[in-house]
Structure formats: structure tokens, C-alpha cells
Amino acid sequence: MGKRGRTPTQAPKPGEPVPDLLPDRPTIDRVRDVAAGCKACDLYKRGTQTVFGEGPKRAEIMLVGEQPGDAEDLAGHPFVGPAGKLLDRALEEAGIDRRVVYVTNVVKHFKWEPRGKRRIHAKPNAGEISACRPWLETEIALVKPRVLVCMGATAAQALLGKTFKVSKQHGTFVESSLAPLVTATVHPSSVLRAPDEKARRDEMRRLVADLKKVAAAHSSARE
Ligand code: SF4
């Protein structure tokens, strides 16, 4: 998988593409170690650290978001900030134990813009998404989830195609070579960003309802 002649101890160079960094006999732990030094796109200059996916090595459900947020960037773990806490609640309401779920993002560095003293989320562009995508593809290939759930438009469009509309197609299962069951739902941060209490409740209901479909599909696939 890795570039011939590249030794595993060599530090990645700025601009060195992800496929050239992948170890020849990849495991999640080896891949995570290499990704920690990734400089394939310029986002490594802005984020504190690579935030790689986490969860059981053979998790049956994989949740994919857009990118780490401010809290995740500082902690080095995915979905540990406010959106992660909301996701925990939604998973619990849907009857899914987060400890059996692998959580990750399409882009592994936090992209942000300064606003006063705060770091405000900035959307990753197509070049950054495509530079980072091989890390996610490797996670999917190694974890082999039975159910893959894209959360939000960035993840859904990166994995299911540009024409996928989360607003219309969330909660439906689509044909994909990525996993036996593939679907999409809203990103937990969209609940947090909703303009008022009613919109927040509606968005949370949508997230929980979609996750309940994931729980049902997952348990019927096991029977
Ligand atoms: S965002 Fe992805 S491709 Fe870009 S430097 Fe970080 S890990 Fe590498």
C-alpha cells in the first residue's frame, strides 16, 4: 500500500499524499500512528493534531461526521465536545451503545477561522476532503462495519455523491459498495446550531428517528 522504498519511521513530508503514507500491512493502530504526522493538505498547519477515528477495531456500526471541532482538536479524540455529547444522548435514545460504535470524520484536522478569541468552524473544501479521504477509506476497509452512517452533508456528499441531499434522503438506506447497509442523517451540530428551541427539538427528533432505523436494520441484519 505504501510507497515503495519509504520506511515506516520516515516522517511525512508537507504535501506527501496519504496513499504514499499508508503502511504495507495496515492495522488501525499503525494507520492511526502514521496519520498523526500527516501533512497531505494545509490543514495540519491550522489544527492542533490529527483527530483519527475511535471505537472497536471491528465495530458493526461506523458513524462518519465532517471534521473534528474545537474541543476534539484540543483533546485529540472525535465527538467529545458539545456535538459529541448530544450524539451520545441521541444514540442512547435510539438504543445504540456508543461503545460498540466506531466514530470518525471525513477530514481529520480541525479547520477554523478566528473570530475574536474564538476559533469558528470553517467548512473543508473539496481539495482537503479528497486529500484526507484515503484515511477514511482505510478505516472503512479495516473496520468493515455492517452499517455505515454519514452524518451531515459533507460526509454524505463525500461518500454517497454530490447529488445526495441529507434534507430529503436522511434515514433511507442506499446501495453502496462501502458497507452492507449505508445511510445518512443530520450532523449532531445541526441540532446545536438550530435557531430556536422548536427547531432544535425537531432536528433532534430527526437524528434519533434515523438512528432508530439504524438500530433496527442492524439488529435485523444480525438475525
Ligand atoms: S486534514 Fe487529513 S489530509 Fe489534511 S493534513 Fe490532516 S490528516 Fe492529512
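Draft legend 1. Highlighting the overall build of the protein. Within the protein one finds nine helices and seven strands. By the compact-globule yardstick of 17 Å for 223 residues, the protein fits well, its C-alpha radius of gyration being 17 Å. If you line up the protein on its principal axes, its C-alpha atoms span 55 × 50 × 30 Å. Expressed as a percentage of the 223 residues in the protein, the buried residues total 49%. A separation of at least 24 residues holds for 70% of the contacts in the protein among residues at least 6 apart in sequence. Total accessible area on the protein is roughly 11400 Å²; 53% of this is exposed by carbon and sulfur atoms. For the protein, the separation between the mean place of its 38 positive charges and that of its 27 negative charges on side chains is 2 Å.

Draft legend 2. Quick look at the site of the ligand. As a structural note, the neighbourhood of the ligand is formed by Cys 38, Ala 40, Cys 41, Leu 43, Tyr 44, Val 107, Lys 108, His 109, Ala 131, Cys 132 and Trp 135. Its residues assigned to classes, the shell around the ligand shows nine nonpolar, one polar and one charged.

Draft legend 3. Quick look at the nonpolar core. Formed by 60 residues in total, the largest nonpolar core has its most connected members in Leu 63, Ile 96 and Trp 135. Other than its neighbours up to four places away in sequence, Ile 96 contacts Ile 61, Leu 91, Val 101, Leu 211, Val 214 and Ala 215.

Draft legend 4. The arrangement of the pattern of salt bridges in detail. All told, the structure shown has 17 salt bridges when counted by the stated rule. Between Arg 119 and Asp 70 there is a salt bridge, and its shortest N-O distance comes to 2.7 Å. Residue Arg 119 is found in strand S4 (residues 118-121), and its partner Asp 70 is found in helix H3 (residues 70-75); the two are separated by 49 residues along the sequence. The network of salt bridges with common partners includes Asp 29, Arg 32 and Lys 57.

Draft legend 5. Structural detail: the pairing of strand S1 (residues 61-65). Burial analysis of S1 places five of its five residues in the buried class, which makes it a mostly covered element. The two faces of S1 match: Ile 61, Leu 63 and Gly 65 on one face and Met 62 and Val 64 on the other face are all buried. Inspection of the sheet shows S1 paired to strand S2 (residues 101-105) by five bridges, in the parallel sense. For Gly 65, the partnering residue across the bridge sits in S2 and is Asn 105.

Draft legend 6. Molecular detail of the side chain of Thr 138. Within the fold, Thr 138 resides in helix H5 (residues 126-143). Residues within four places of Thr 138 in sequence aside, it is in contact with Leu 22 and Val 31.

Draft legend 7. How the structure looks around the packing of aromatic side chains. Applying the stated criterion across every chain yields a total of one aromatic pair. Across the ring face of Phe 52, the terminal group of Lys 108 is positioned such that the distance to the ring centre comes to 5.5 Å. Note that Arg 119 overlies the ring of Trp 112, its terminal NZ or CZ placed 5.3 Å from the centroid.

Draft legend 8. Layout of helix H9 (residues 197-222). The terminal C-alpha atoms of H9 lie 37 Å apart, and with 26 residues this matches the ideal 38 Å at 1.5 Å per residue to within 8%. What H9 keeps buried is the set Glu 203, Met 204, Leu 207, Val 208, Asp 210, Leu 211, Val 214, Ala 215, Ala 217 and His 218. Of the surrounding elements, those touching the buried residues of H9 are S1, helix H4 (82-94), strand S5 (147-151), strand S6 (173-174), strand S7 (181-185) and helix H8 (188-193).

Draft legend 9. Structural context of the environment of Leu 74. Mapped onto the fold, Leu 74 is located in helix H3. Its relative accessible area of 54% is what places Leu 74 among the exposed residues. Residues Leu 74 and Arg 25 lie 49 residues apart in sequence; the distance between their C-alpha atoms is 30 Å. Once you skip the residues sitting within four places of it in the chain, Leu 74 turns out to touch Thr 48, Gln 49 and Arg 119.

Draft legend 10. Spotlight on the packing of helix H2 (residues 28-35) against H5. For the pair H2 and H5, interaxial distance at closest approach is 10 Å and the crossing angle is 170°. The orientation of H2 relative to H5 falls into the category roughly antiparallel. Crossing angle aside, the handedness with which H2 passes H5 is left-handed. Together, Ile 28, Val 31, Val 34 and Ala 35 of H2 and Trp 135, Thr 138, Glu 139, Leu 142 and Val 143 of H5 make up the contact between the two elements. Across the contact of H2 with H5, the residue classes break down as seven nonpolar, one polar and one charged.

Calculation rules
- Residues numbered from 1 in each chain as written.
- Predicted model: local features only at pLDDT ≥ 70, side-chain atom pairs only at ≥ 80, totals over all residues.
- Heavy atoms only, no water.
- Helix = DSSP H or I, 4+ residues; strand = E, 2+ residues; numbered from the N terminus.
- Rg over C-alpha atoms; globule rule 2.2 N^0.38 Å.
- Buried < 20%, exposed > 50% of the residue type's maximum accessible area, 1.4 Å probe, protein only.
- Contact = heavy atoms within 4.5 Å.
- Areas by Shrake-Rupley, 256 points an atom, 1.4 Å probe, with all protein chains shown as cover.
- Lys, Arg positive; Asp, Glu negative; His and termini not counted.
- Charge placed at Lys NZ, Arg CZ, Asp CG, Glu CD.
- Near = heavy atom within 4 Å.
- Nonpolar A, V, L, I, M, F, W, Y, C, P; charged D, E, K, R; others polar.
- Core = buried A, V, L, I, M, F, W, Y, C linked by side-chain atoms within 4.5 Å.
- Salt bridge = Lys/Arg side-chain N within 4 Å of Asp/Glu carboxyl O.
- Pairing = 2+ DSSP bridges.
- Phe/Tyr/Trp six-rings, centres within 6.5 Å; stacked < 30°, edge-to-face > 60°.
- Lys NZ or Arg CZ within 6 Å of the ring centre and 35° of its normal.
- Expected span 1.5 Å × (residues − 1).
- Axes fitted to C-alpha atoms, helices over the stretch in contact; angles between N-to-C directions.
- Parallel < 35°, antiparallel > 145°, perpendicular 65-115°, else oblique.
- Left-handed = near helix turned anticlockwise from the far one by under 90°.

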